[in-house]
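Working through the structure, step by step
If you want the building blocks of each chain, they are given just below.
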Amino acid sequence: MTRWTGSIDREHRRVVLAAMVGTTIEWYDFFIYAICAGLVFATQFFTALGKDALILSFATIGISFFFRPIGAIVAGHLGDRLGRRAMLILTLLLMGISTVLIGLVPTTGSIGIAAPIILVVLRILQGLSAGGEWGGAALLAVEHAPADRRGLYGAFPQIGVPIGLLLANGVLALVTALTTPEQFLAWGWRIPFLLSVVLIVAGFMIRTRVAESPVFEEVRRTRARSSIPLVPLFRHHWRLVVVGALVFAANNAVGYMTTGGYVQSYAVKSLHLDRSTVLIAVMVSAVAWLVSTLAGGWLADRIGRLRVYRIGFVVQLLWMFPFFALVDTGNIALLHLALILFAVGLGFTYGPQAALYAEMYPTSVRYSGAAISYAIGAVLGGAFAPTIAEALQTSTGTVYAVGAYLAVVTVIGLVASYFVEDRPGQPLSATSDVRADDARTV
C-alpha cells in the first residue's frame, strides 16, 4: 500500500487543482460556443441560409473537431519532448484568447460574410487548444498519483468538463434572466465570452505554480525521450490509438447532446420551453455528471477501469430511449429527471478514462498516444453529433431516431472496450515500460 507524507499530499492537491481548474476553464470556453451555436449563432451569423441556418451553426461545432487531432499531435509531440506543464499553459492561453475574441466578432449584419468566416477561424483555434489540453491535464494528475489511486485522481481533470458545462450554462442562464430576448440576441450573449479573460488569469496563475510530472522528469534525466514520438506510436501502438478512440467516441457522442447544445436547442425551439429553465436543468445534470464521474474514477480503483466503462455503457444503452421519451413530454420536471439519469452513464464512461489511457501507453509516447486517441474519438463521436441529431430529428420528425443513432454508437464503444487490456497499477516510469504493443492489446 502506498503511503504519502503530508508534503506530498499538499503537492498533489496543487497538481489536481491545476489539472481540474485548467480543464474547467478550457471547457467553459468550449461549451459557451457550443451552447450559443444552438441559441444564437444561427440568427446572428448564418441568417442567409434560412431554414438550414441552425444545421450549419451546429456544423461549426464539428469543424473545430477536425483540428483537434492536429492540436493533439503538436501538443503530444511537445508534451513528450518538453513536458506536460508547458503544454497546459500554452493550450489554456490559446483557448482563452480565442474565446474572448469570439465575444468581440461583429455579426453578419455589420460586416457581412467576414463575420461567419472570423467566427469559424476562432472556433478552429479552440479546437486546436482542446485537442492538446486534455492529454496534458490527465497525465499530470495520473503521473503524480499513487498507483492505487490513479482512477480517482485521474477523475479530477475529467470533472472539469461537467464543471465547465455548469459554469457555461449558469452564466448564460444569468445573462438570459437579466436581459430581454432582444437584448440577449443583440449583445447579451457576448458577456460569457468576454468573462473568460478573468478565468484565463486565474488558470494561468495556478498552472505556472505546479511542478512537472515526476515521470517526465525521469524521462528527461534518463534521456528516454523519443525525437519524434509519433513514429514509434503509430509503428507499435496504432491498434491502441484506434481502440481508444472508439471507446471515447461512444461517450463523446452521447455527451454532446447536452455539451453540444442539441438538447437545449430542441427543448427551447421545438418544445417551446423557457430558455433559462432549460439551462438550469442542464446545470443540475452537470452536477449529477460531476458526481458520477468522481464515482466512476473511485470505483475504477476497486473493480478495474474497464468494468466501470462497461457498466456505464450498459446504463447509457438502457436509458437512451426513455431519456428521449421524457424530454419529448415538454415537462420540465421530467426533463430534470431525464438529464440526471442520463448523466450516470456518462460519468461511468468518463471517470476512468485518464487512468486507462495513461496505463495504455509507454512513457515516451504517452502524451501523444492519450491525446491523439482522445482527439480522434472526439472527431468520430462528438464532432457532428449535434448536427446529425438535428438532421435526424428534422428529417424523421421524431427524436427517437436520435436515440437509435446514439444506441448504435454506444454498442460500438462497448464492443471496443473488450479489445483493451485493463492494467490498473501498471508502473508508469520509463524504466518499467513494456515496449511490445501486443502486451498492451488483447
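Please refer to the structure placed before this passage.
Residues numbered from 1 in each chain as written. Predicted model: local features only at pLDDT ≥ 70, side-chain atom pairs only at ≥ 80, totals over all residues. Heavy atoms only, no water.

Counting through the fold element by element, S292 comes out in helix α16 (residues 275–303). With relative accessibility at 6%, the residue S292 sits in the buried group. Here W289 takes part through its backbone oxygen, which lies 3.1 Å from a polar atom of the side chain of S292. Each residue touching S292, except ones within four places of it in the same chain, is listed here: A343, V344, G347 and F348. (Helix = DSSP H or I, 4+ residues; strand = E, 2+ residues; numbered from the N terminus. Buried < 20%, exposed > 50% of the residue type's maximum accessible area, 1.4 Å probe, protein only. Polar contact = N/O pair within 3.5 Å; in protein donor to acceptor, adjacent residues only side chain to side chain. Contact = heavy atoms within 4.5 Å.)

Here we come to empty space enclosed by the protein. In the structure shown here, the tally under the stated rule is 2 cavities of 30 Å³ or more. Lining the largest cavity are 13 residues, and of these V161, N252, Y256, W289 and Y350 lie nearest its centre. For the lining of the largest cavity, the elements supplying multiple residues, two or more each, are α1 (6–45) and α14 (238–259). Looking at which element gives the most residues to the lining of the largest cavity, the answer is α14, with 6 residues. In terms of residue class, the lining of the largest cavity is made up of 8 nonpolar, 4 polar and 1 charged. For the second largest cavity, the calculated volume is near 40 Å³. Lining the second largest cavity, in full, are L165, T258, S285, W289, L339, F342, A343 and L346. (1 Å grid on protein atoms, 1.4 Å probe; cavity = no way out; pocket = protein on both sides within 12 Å on 5 of 7 lines; lining within 4 Å. Points joined across faces, edges and corners; volume = space filled by probe spheres on them. Nonpolar A, V, L, I, M, F, W, Y, C, P; charged D, E, K, R; others polar.)

Bringing the packing of helix α3 (residues 68–82) against helix α6 (residues 114–144) into the picture now. For the pair α3 and α6, the least separation of the axes is 6 Å and the interaxial angle reads 50°. In terms of orientation, α3 lies oblique with respect to α6. Relative to α6, the crossing made by α3 is right-handed. Between α3 and α6, the contacting residues are R68, I70, G71, A72 and A75 on the first element and G127, L128, A130, G131 and G132 on the second. In the contact of α3 with α6, the residues fall into 5 nonpolar, 4 polar and 1 charged. (Axes fitted to C-alpha atoms, helices over the stretch in contact; angles between N-to-C directions. Parallel < 35°, antiparallel > 145°, perpendicular 65-115°, else oblique. Left-handed = near helix turned anticlockwise from the far one by under 90°.)

Okay, a nonpolar patch on the surface next. A cluster of nonpolar side chains, contributed by I280, V284, L337, I340, L341 and V344, occupies part of the molecular surface with about 400 Å² of accessible area. Broken down by element, the residue count for the nonpolar patch peaks at 4 residues, all from helix α18 (residues 332–348). Along the chain, V344 turns up in helix α18. V344 sits in the partly exposed class, given a relative accessible area of 32%. (Patch = residues over 30% accessible without salt bridge, like charges linked within 9 Å, V, L, I, M, F, W, Y side chains within 5 Å. Areas by Shrake-Rupley, 256 points an atom, 1.4 Å probe, with all protein chains shown as cover. Salt bridge = Lys/Arg side-chain N within 4 Å of Asp/Glu carboxyl O.)

So, on to the pattern of salt bridges. Inspection of the entire model under this criterion finds 4 salt bridges. The partner of E359 in a salt bridge is R150, and the shortest N-O contact between them spans 3.0 Å. You can see E359 sitting in helix α19 (residues 353–360) and its partner R150 sitting in helix α7 (residues 150–158), a full 209 residues away along the chain. Pair check on accessibility: E359 and R150 agree, each one buried. The salt bridge partner of R305 is E359, with a shortest N-O separation of 2.8 Å. Taken together, the residues span a long stretch of sequence, with R305 in helix α17 (residues 305–327) and E359 in helix α19 at a distance of 54 residues. On the basis of relative accessibility, which here comes to 1%, the residue R305 falls in the buried class. Bridged by salt links that share partners, the residues R150, D301, R305 and E359 form one connected network.

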